[in-house]
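Understanding the architecture of this molecule
This is what each chain is made of:
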Amino acid sequence: MVERTGCVVIGAGLMGLAVAHELGRRGTPCRVIERGRIACGTTSTTFAWLNATSKLEEDYHRLNVAGIEGHRGWVTRWGSDVTGHRWPGCLMWARADTATSLDDLDRTFDRLSDLDYPCRRVCGRELADLEPRIAFGHGAEGLLMPLDGWLDASRLARHLAEGIVRQGGDIHEEVPVTGFLGNAPVLDGVVTANGPVHADRIVIAAGTGTGDLAAMALASRSAFRPVGSDPGLLADIAEADAWLNHVVCFPEGEDELHMRPNEGGRLLMGADGADRMLPDEVRARRHLADRVQHYLVGLDAADVMTRMTSRVGHRPMPADGRSIVGHLPGCDNLFVAVTHSGITLAPAVGALVADEITGSPVSPLLQEFRPDRFAWT
């Protein structure tokens, strides 16, 4: 007799693990297949800012709010020490001598207020009280978003993986998917380096690998891939206790600087300008060090470079920047779950995909994010 499983999930990053965990909660244990190790891809190289602050399109904002609510539900269930969640809020600020940034700050405040997302203005002495190590400069203004947080994504991924196994599922690491069984519109499973796995349903949650896997499933030779790869430099500094209290975002034109506290008393940081310098990682590191030392009192660029460790991640980026969630056109039992902001969205998308697979009514939250808006063939 051929062994079957209810669902195969391709990808053991936070998104794939969230889908498998939520399916297990609904009585459908999953087999998760990962070409590397658990959380070895984008999940291990993410800034992990939990927010709906930076998503100002109403439908995408609502989906991210649902993601934050899902994360808070996990904390209520398991505790932040287990999951690695922190909720300090986000401080976004701009200097008085960068008029464009101040205008952007006003627009962000107005838009978040329209969306009923908690947000308040801060300036002067309060800015300095909130973040005493930042050199704000005279006339700086800021916004405080108290719902925002950050996450030790690898810790949460390991906890979800343990839960999947307890639910009766299993996780296969270092097992690439090399093909699919059967033909569209109904596939019969996947082919792996360890042999075939027959399954009633398949979910592709493979981040930047999603496009290639979808093309393989559809037997398509199209050069178009709806999911691209967006490289990003992430760096941290050791022995940085008490440097920051919040997630901090300084949107200076097209070179946004973002920083936050990290586990082990470290400071985590990135900048859009540094990302655009890749693959020249040395140049990108220097640019980031210069930006950080300009705003953090007591640091100089040489010190930052000496104490900095960095890594380059490759974030999945749908062609239109918006989530892709749902049935892949032409394959009745193949789902796709891929998005930028996957760390924020994982609990919401995981639950919504699990609901849909197990027969619950389709959520209106996913209406504008379906795969059929792209031509996959």
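A brief structural summary. Small disclaimer: the values here were computed from a predicted structure and weren't measured. (Residues numbered from 1 in each chain as written. Predicted model: local features only at pLDDT ≥ 70, side-chain atom pairs only at ≥ 80, totals over all residues. Heavy atoms only, no water.)

Looking at the sheet that holds strand 8 (residues 149–151)
What counts, and what does not: At least two bridges found by DSSP between two strands are what make those strands a pair. Helical segments are the DSSP runs of H or I of at least four residues, strand segments are the runs of E of at least two, and each set is numbered from the N terminus.
Taken together, the three strands give an open sheet; going across it, the order is 3-8-4, and neighbouring strands pair in antiparallel fashion. Single-partner strands in this sheet number two, and they are strand 3 (49–50) and strand 4 (85–86). Pairing of strand 3 with strand 8 involves two bridges; the strand directions are antiparallel. The residue of strand 8 that forms the bridge with Leu50 is Gly149.

What to know about the side chain of Arg291
To keep it simple, the criterion reads: Pairs of N or O atoms are called polar contacts if they sit within 3.5 Å, as long as, within protein, a hydrogen donor faces a hydrogen acceptor (for residues adjacent in sequence, only side-chain-to-side-chain pairs). Here, two residues are considered to be in contact whenever any of their heavy atoms come within 4.5 Å of each other.
For Arg291, the position within the fold is in helix 9 (residues 281–295). Only 2.6 Å separates the side chain of Arg291 from the backbone oxygen of Asp255, close enough to count as a polar contact. Those residues in contact with Arg291, other than ones at most four positions away along the chain, are Phe250, Glu252, Asp255, Leu257 and Ala271.

Remarks on the packing of aromatic side chains
Our working definition: Each Phe, Tyr or Trp ring, with Trp reduced to its six-membered ring, pairs with another whose centre is within 6.5 Å; inter-plane angles below 30 degrees give stacked pairs, above 60 give edge-to-face pairs, and intermediate values give tilted ones. Relative accessibility decides the category of a residue: with a 1.4 Å probe and only protein chains considered, values under 20% of the type maximum give buried, values over 50% give exposed, and everything between is partly exposed. Charge-over-ring contacts are defined here by two conditions on Lys NZ or Arg CZ: a distance within 6 Å of the ring centre and an angle within 35 degrees of the ring normal.
For the structure shown, the criterion picks out six aromatic pairs. Both rings, one in Trp74 and one in Trp78, keep their centres 5.8 Å apart while their planes meet at 35 degrees; by these two values the pair is tilted. Separated by four residues within a single helix, Trp74 and Trp78 lie in helix 2 (residues 58–78), roughly one turn from each other. A centroid spacing of 4.8 Å and a plane angle of 70 degrees characterise the contact between Phe250 and Tyr295, whose relative ring orientation is edge-to-face. Remark: Tyr295 occurs in helix 9 and Phe250 occurs in strand 14 (residues 247–250); sequence separation between them is 45 residues. Residue classification places Phe250 among the buried positions, given a relative accessible area of 1%. Linked through ring pairs, Trp93, Phe136, Phe250 and Tyr295 together constitute an aromatic cluster. Positioned above the aromatic ring of Trp87 is the side chain of Arg72, whose terminal nitrogen or guanidinium carbon lies 3.8 Å from the ring centre. Directly above the ring of Trp243 sits Arg133, whose terminal nitrogen or CZ lies 3.6 Å from the centroid.

Some details on the pattern of salt bridges
Rule in force here: A pair is scored as a salt bridge if a Lys or Arg side-chain nitrogen falls within 4 Å of a carboxyl oxygen belonging to Asp or Glu.
Counting across every chain of the model gives 23 salt bridges. With a closest N to O distance of 3.4 Å, Asp275 and Arg315 form a salt bridge. Of this pair, Asp275 sits in helix 8 (residues 272–276) while Arg315 sits in strand 17 (residues 308–318), and the two are 40 residues apart along the sequence. Arg315 sits in the partly exposed class, given a relative accessible area of 22%. Here the residues in one salt-bridge network are Glu22, Arg25, Arg26 and Asp355, joined through shared partners.

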